[in-house]
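# Survey of secondary and tertiary structure
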Amino acid sequence: MAARLKPSVAVVGGGWAGLTAALALAEAGHPVSLHESARQLGGRARSVDWHGVAIDNGQHLMAGAYSETLALMERLDTLDRIERRQLEFHGPGFCLALPRLPAPLHLAAGLLAARGLGLADKLAAVRFMQALRRRRFQLPADDTAAELLAWHRQPARLVERLWQPICVAALNTPLHLASAQVFCNVLRDSLAGPRAASDLLFNRADLGRLLPDAAAERIRTLGGEVRLASRVTGLAREPGGLRLLGPDNLAERVILACHPARVPELLANLPETRALGSRLHDLDWQPIATLWLRFAAPLALPYPMVALGAADAPWAFERNDLAAGLAAVVASAEGPHLALQPEALRDRWLDDLAGRLGALPTLLDWKLIVEKRATFACTPDLWRPDNRTDLPDLYLAGDYTRGDYPATLEGAVRSGLQCARLIIRET
Ligand SMILES: Cc1cc2nc3c(=O)[nH]c(=O)nc-3n(C[C@H](O)[C@H](O)[C@H](O)COP(=O)(O)OP(=O)(O)OC[C@H]3O[C@@H](n4cnc5c(N)ncnc54)[C@H](O)[C@@H]3O)c2cc1C
């Protein structure tokens, strides 16, 4: 008797979530087709051509806690494209470096030795982490991260120099709007995790080469299809499954792995999903701005990433791996900087950079990229949809689906894996 073929799966969206899902399904023997509307893969974590140099649409940072992303990159043989460093925070008048000690000693020792904090700040930080650890980082009710820190009497200097930068960078949401519970999840899995979880991972290749290119190649090798410039305009119910309007492809299962702002229009023909579509409409967004700077010589940063100020100030990254003299300045979340003209923002951040490093090499070129809907606003008690929908053959993947993490690469990869596992288990 012929073995029953595994159901075909169409994945809509070639960001890190869609690619992860498609790859896991192809590996499990499902006929897979991935449809990406752009001419390139990667979505919000993609490469951009800048006068022949591949830069990133936005400077990204990963952490040792990104276990699923790292496992996937290991399978794709791209781990050598990131540089792993022990965590250090360098800000004006502030430096925290976690020593190579077993957890949780590394954190306590790092905090106590930090430069730029008083003894009262350091003890308050240790007490805060201990209090969260006792509760297993689970809050009785969600609040804003600002309220959580106030409740634990965290001194203003400590908040400005440590907690606020971590929160804004990880959740891409200002402290007074950010979810305290998701902030706790981030602390649990990074600073309070095993020592290696707090390591910072610096990209040493453009984003396309970290994962999307290798994932697409593997999918194709396994017999799957990866179609670029293939915009799906809607879904229609048919006896054999769901038809993708646009590419005109019929699939037995569909994973929508596009930006959540794009999902409602794709659901318009499926009345069972009306409630889902309207809830997705209600999500709020936060931007990220990245200023790419090309200098005549490399910048002398004390560490690959330095803060240009306290609180929600931007961070500077050296990216000599992409081209000698290349650097990125990145500001997470909304803020008054976005009201400035690009030239004014460039000049302000160049002044900040010179304030930190002294005289800068000659600036040869610059480019500002603002992603207006970089991530969902990670606010308290935020509703996030399941990977499963009310339709048994329709799934959602993406950094915004239900999970512990804010909108991150790791969240996207986990959601893609979760969708693939549901389909593999159920078919
Ligand atoms: C500037 C910036 C900086 C960031 N920094 C970090 C960081 O430092 N660390 C971190 O972990 N995360 C960071 N993030 C977040 C991270 O990039 C995202 O969480 C992740 O890339 C989301 O992946 P995704 O697959 O869920 O969605 P997306 O990347 O949005 O992928 C969706 C894909 O679907 C495609 N698509 C949309 N509509 C259709 C359609 N109708 N038909 C076919 N295809 C369609 C899109 O073109 C896109 O390629 C950053 C994001 C930005 C924008």
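Here we summarise the structure given alongside this text. For clarity, every value in this text was computed on a predicted model and none was experimentally measured. (Residues numbered from 1 in each chain as written. Predicted model: local features only at pLDDT ≥ 70, side-chain atom pairs only at ≥ 80, totals over all residues.)

Here the focus is the site of the ligand. Surveying the vicinity of the ligand reveals 38 residues, the closest of which are Gly 13, Gly 15, Gly 43, Gly 58 and Thr 408. Elements represented by at least two residues in the shell around the ligand include exactly helix 1 (16-27), strand 5 (61-63), strand 15 (285-295), strand 19 (363-376) and helix 13 (409-426). In terms of residue count, helix 13 provides more of the shell around the ligand than any other element does, 4 residues in total. Split into classes, the residues belonging to the shell around the ligand amount to 15 nonpolar, 16 polar and 7 charged. (Near = placed C-beta within 6 Å. Helix = DSSP H or I, 4+ residues; strand = E, 2+ residues; numbered from the N terminus. Nonpolar A, V, L, I, M, F, W, Y, C, P; charged D, E, K, R; others polar.)

Let us now look at the nonpolar core. Within the largest apolar cluster, 127 residues are counted, with the highest numbers of intra-cluster contacts made by Val 11, Val 12, Ala 21, Ala 22, Phe 183 and Ile 255. Contacts of Val 11, omitting those with residues within four sequence positions, involve Gly 18, Ala 21, Ala 22, Val 32, Leu 34, Ile 255 and Ala 257. (Core = buried A, V, L, I, M, F, W, Y, C linked by C-beta atoms within 7 Å. Buried ≥ 20, exposed ≤ 12 C-beta atoms within 10 Å, placed from the backbone. Contact = placed C-beta atoms within 7 Å.)

As a further point, take the environment of Pro 31. Along the polypeptide, Pro 31 turns up in the loop between helix 1 and strand 2 (32-35). Its 17 C-beta neighbours within 10 Å are what place Pro 31 among the partly exposed residues. Expressed as a C-alpha distance, the spacing of Pro 31 and Ser 8, which sit 23 residues apart in the sequence, is 4.7 Å.

A word on the pairing of strand 7 (residues 88-91). Here strand 7 pairs with strand 8 (residues 94-97) via 4 bridges, running antiparallel. Considered in strand 8, the bridge of Gly 91 is made with Phe 94. In sequence, strand 7 turns back onto strand 8 through a hairpin of 2 residues, with Gly 93 there showing a positive phi of about 70°. (Pairing = 2+ DSSP bridges.)

Turning to helix 7 (residues 180-189), a few remarks are in order. Counted residue by residue, helix 7 has 9 buried out of 10 residues, so it is predominantly covered. Among all positions in helix 7, only Ala 180, Gln 181, Val 182, Phe 183, Cys 184, Asn 185, Val 186, Leu 187 and Asp 189 are buried. Packed against the buried residues of helix 7 are helix 4 (119-134), helix 5 (145-151) and helix 6 (156-171).

At a minimum axis separation of 7 Å, helix 1 and helix 13 run at an interaxial angle of 35°. In this structure, the crossing between helix 1 and helix 13 has a hand that is right-handed. Contact residues: Trp 16, Ala 17, Gly 18, Thr 20, Ala 21, Ala 24 and Leu 25 in helix 1; Leu 409, Ala 412, Val 413, Ser 415, Gly 416, Leu 417, Cys 419, Ala 420 and Ile 423 in helix 13. Here the contact of helix 1 with helix 13 is built from residues that sort into 12 nonpolar, 4 polar and no charged. (Axes fitted to C-alpha atoms, helices over the stretch in contact; angles between N-to-C directions. Left-handed = near helix turned anticlockwise from the far one by under 90°.)

This part takes up the sheet that holds strand 19. Spatially, 5 strands are ordered 16-17-18-15-19 in an open sheet, and the strand pairing comes out antiparallel. In this open sheet, the two strands that pair with only one neighbour each are strand 16 (305-307) and strand 19. Across the sheet, the axes of successive neighbouring strands diverge by a mean angle of 20°, strand direction being ignored. With 4 bridges connecting them, strand 17 (residues 315-318) and strand 18 (residues 326-332) associate as antiparallel partners. Within strand 18, the position partnered with Phe 317 by the bridge is Ala 328. In the packing of helix 12 (residues 342-357) onto the sheet, the strands contacted are strand 15, strand 16, strand 17, strand 18 and strand 19, and the crossing angle to strand 19 comes to about 105°.

Here we come to the packing of helix 3 (residues 105-113) against helix 4. It is at 8 Å that the axes of helix 3 and helix 4 come closest, and there the two elements cross at 160°. Comparing the axis directions of helix 3 and helix 4 gives the class roughly antiparallel. Between helix 3 and helix 4 the crossing geometry is right-handed. Counted together, Leu 107, Ala 108, Leu 111 and Leu 112 of helix 3 and Lys 122, Ala 125, Val 126 and Met 129 of helix 4 form the full contact between these two elements. Taken together, the residues of the contact of helix 3 with helix 4 sort by class into 7 nonpolar, no polar and 1 charged. (Parallel < 35°, antiparallel > 145°, perpendicular 65-115°, else oblique.)

This part covers unusual backbone geometry. Along the chain, Ala 103 connects to Pro 104 via a cis peptide bond; the corresponding omega equals 0°. Relative to the elements of secondary structure, Pro 104 occurs in the loop between strand 8 and helix 3. For Arg 153, which is not glycine, the phi torsion reads 50° and is therefore positive. Structurally, the position occupied by Arg 153 is in the loop between helix 5 and helix 6. The residue Asp 381 is not glycine, and still its phi comes out positive at about 55°. On the basis of neighbour count, Asp 381 is assigned to the exposed category, with 9 C-beta atoms found within 10 Å.

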